[in-house]
Amino acid sequence: MDASAYGQISPSVPVWLNKGDNAWQMIAATLVATQSMPGLVILYASIVKKKWAVNSAFMALYAFAAVLICWVLLGYRMAFGDELLPFWGKGAPALGQDFLTSRARIPESTHTHEDGTKETVEPWYPMATLVYFQFTFAAITLILLAGSVLGRMNIKAWMAFVPLWLIFSYTVGAFSLWGGGFLYQWGAIDFSGGYVIHLSSGIAGLTAAYWVGPRLKSDRERFPPNNVLLMLAGAGLLWMGWSGFNGGAPYAANIDASIAILNTNVCAATSLLVWTSLDVIYFGKPSVIGAVQGMMTGLVCITPGAGWCFFSGFFITAILELIYVIKSTDGINAGLVQSWAAIVMGILSGSIPWVSMMVLHKKSALLQKVDDTLGVFHTHAVAGLLGGLLTGLLAEPELCALILPEKTRGAFYGGNGGVQFFKQMAAASFVISWNIVSTTLILLFIRLFIPLRMPEEELQIGDDAVHGEEAYALWGDGEKYDPTKHGRVTSLFGEENPVARNANDAVGVTINL
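Below: a short report on this structure.

Calculation criteria
Counting from 1, residues in each chain are numbered in the order their sequence is written. Local features are withheld for residues below a pLDDT of 70 in this predicted model, meaning they are given only at 70 or higher, and side-chain atom pairs are given and counted only at 80 or more; totals for whole chains, interfaces and linings count all residues. The basis for every side-chain value is the complete set of non-hydrogen atoms in the structure, without hydrogens or water. Each helix is a run of H or I in the DSSP string that is no shorter than four residues. Each strand is a run of E no shorter than two, and both are numbered from the N terminus. Each residue is placed in one exposure class: buried if its accessible area under a 1.4 Å probe, protein chains only, is under 20% of its type's maximum, exposed if it is over 50%, and partly exposed if it falls in between. Contacts: residue pairs with any heavy atoms within 4.5 Å of one another. Only the protein chains shown count as covering a residue, and every accessible area follows the Shrake-Rupley method with a 1.4 Å probe. Between 30 and 60 degrees the pair is tilted, below 30 it is stacked and above 60 it is edge-to-face, where a pair is any two Phe, Tyr or Trp rings, Trp via its six-membered ring, whose centres lie within 6.5 Å. A pair is scored as a salt bridge if a Lys or Arg side-chain nitrogen falls within 4 Å of a carboxyl oxygen belonging to Asp or Glu. Orientation is described by lines fitted to C-alpha atoms, with helices fitted over the stretch in contact, and by angles between N-to-C directions that extend from 0 to 180 degrees. Whether a crossing is left-handed or right-handed is set by the direction in which the near helix is turned from the far one by less than a right angle, anticlockwise for left-handed and clockwise for right-handed. Under the scheme applied, nonpolar residues are Ala, Val, Leu, Ile, Met, Phe, Trp, Tyr, Cys and Pro; charged residues are Asp, Glu, Lys and Arg; polar residues are all the others, including Gly.

Moving on: the overall build of the protein. The secondary structure content of the protein amounts to 20 helices and six strands. A buried classification covers 53% of the 513 residues belonging to the protein. A separation threshold of at least 6 residues defines the contact pool for the protein, and within that pool the share at least 24 residues apart is 75%. If you sum the accessible surface of the protein, you get close to 22200 Å²; carbon and sulfur atoms cover 64% of it.

A full pass over the atoms with the stated rule returns 24 aromatic pairs. Pairing tyrosine 132 with phenylalanine 135 gives two aromatic rings, centres 5.5 Å apart and planes at 45 degrees, and the pair type is tilted. Here tyrosine 132 and its partner phenylalanine 135 are both found in helix H4 (residues 127–146), three residues apart, which amounts to about one turn of the helix. Through a chain of ring-to-ring contacts, three or more aromatic side chains come together here, namely Phe87, Trp88, Phe168, Phe182, Phe430 and Trp434.

What follows deals with the pattern of salt bridges. Considering all chains together, one arrives at nine salt bridges under this definition. Lysine 217 serves as the salt-bridge partner of glutamate 221, at 4.0 Å between the closest nitrogen and oxygen. In this pair, glutamate 221 and lysine 217 both sit in helix H8 (residues 217–221), four residues apart, roughly one turn of the helix. As far as the burial class goes, glutamate 221 and lysine 217 line up, both exposed. A salt bridge links aspartate 371 to arginine 220; the shortest N-O distance between them is 3.6 Å. Of the two residues, aspartate 371 is situated in the loop between helix H14 (365–369) and helix H15 (376–394) and arginine 220 in helix H8; the sequence distance between them amounts to 151 residues.

What follows is about the packing of helix H11 (residues 288–302) against H15. Helix packing geometry: the angle between the two helix axes and the distance between the axes. Interhelical geometry of H11 versus H15 gives an angle of 35 degrees and a closest axis separation of 7 Å. Read as a crossing pair, H11 and H15 show a hand that is right-handed. Contacts between H11 and H15 involve Gln293, Met296, Thr297, Val300 and Cys301 from the first element and His378, Thr379, His380, Ala383, Gly384, Leu386, Gly387 and Leu390 from the second. Partitioning the contact of H11 with H15 into residue classes produces six nonpolar, seven polar and no charged.

As C-alpha cells, this is what we get:
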C-alpha cells in the first residue's frame, strides 16, 4: 500500500486527518440526515389524515432547512463552543474557513484523569464534518417535536418556534451533556441523544401540545393514516438511518461504533416484536402502526447507552446463574452476552412504553387533555428516560473510562454504580425541567404576535386552506370538487386554469411538456 495515501500530500490532507474516520463520520451524518429528509417527511405525510399530509410534511421540511441556517450562524458554538455558562456555550458563527478546516475539537470537553493528565475530545477530521454531523441531530430533534402538534399548529407560529427553540432549549441540553457542560463534567451519560434529543423532544412536544391546544374533535376521534405503505417506507429509512445515529456517536470508525450499530438493531427488532406481541395478546390482531411505534421505542431506548451495553454481561450472567444455577460461566461466549444485553433493553422498551401509551394514558386526566398527535411523549420521552436509567444500571466500567471524564460504572457492577444511577436521574430532571420552562416561555412569547392554533376554518379544510395544495389529485376526502372552497386551479408552472362553473364539472390540470 502506498504510504503517501495517508500522508500530507496536499493542503486538503493534513497530517492529523484520518481518512477512514472522516469518511465514516460523513456517511453517518448523511444517514442521520436521511432519517429526517426524506424519512420523517414521508412518515409524517403518510401517517396523518389525508387532509394534513402536505402540512405535516412541510413542517418537517421547513425545520430541517431552518435549523441548518441557525446552526451555522449561532447554534453550533452555543452547543459545542467555549463556555458562557455551565450549561451554555458562547454563540458565534461556524462559517469561517480557518475554523471549518481546522481539526475538530470540543474545547470545554477537557477533563483531568486520575493520573493528572488532561484530555480534550479531538476527532481525527475537520471541524466542518463535526458541525454538519451535529446539525443532523439538532434538526431531527425539532422534527420529532413536531409530531406532537401535527394537524392544528399555525404554520407561521411553527416557523417562528423552530429557531427560538433551537437556540434557547436544544443548545442548553447539548452543551450540558455533550459539549463539556456541567452534566458532562459531572459524569452523566448520554451516548447518542437519549436525553439531549428524545427526552427533550418528548417533553417539549407534550408542553407545546398543551399550549397549542387540541385538534378538532372529529380529527381526534378519527385520524387514520392516508398511506400505510408509505408510512412503512418512512419508518424503514428511520430505522436504517439509526446506524449513523448511534454508530457515529464515538466520533470514529472504531470497535465502539460497530458494537453500537449491532446493539441498536438488535434492540429495535426485539422491541418491535414485543410491542406487536402485546397488540396481538390484548387486541387480537397485530397493528402496523404499533409495530412502527415498537421499532421507535427500541431505537430510542438503546440510544443513551448503545456503546455501553456491549459489556453488560455482568447483569445478564447473574440472571442466567440464578435461573440455570450455573456455577461457571466459561461456556457463555461474548456473542451471547452482547445479544442478550440489547435484547433485555428491547424487551423493556417494547413493553413499558406500550403500557404507558395503552394503559396509563387512558387513566391520566392530564394526558387525556393534552392532544399529543403521534404520541411523541410515550415513544420518545418515556423510552428515552428508560434508556438513560438503564444505562445507569448497565454501564460497563472499562468502557466508561475510555469516554467519560471520570471513572464510573453502572449500579449492577457494584462500587460507586449507585452514584451513576443517581446522576442519570438528576440529568433527566434537569432536561425535563428546562424543556418545560423554555418551551412554555417561547410559545407564550410567540402567542403575543401569532396565534398558536389555526383558525377553525383552516382546521376544517386542512392542507388546501393552509397551503393551497393537496397531497393527492383527489378532491378532499372523497367529496366532490367545490369551486367556492378550492378557488382557482393552477398548473405546475403557475398558469391559471378556468375553474368549473358547476360543482359537478370535472377539473384537471394540463401540463405542456
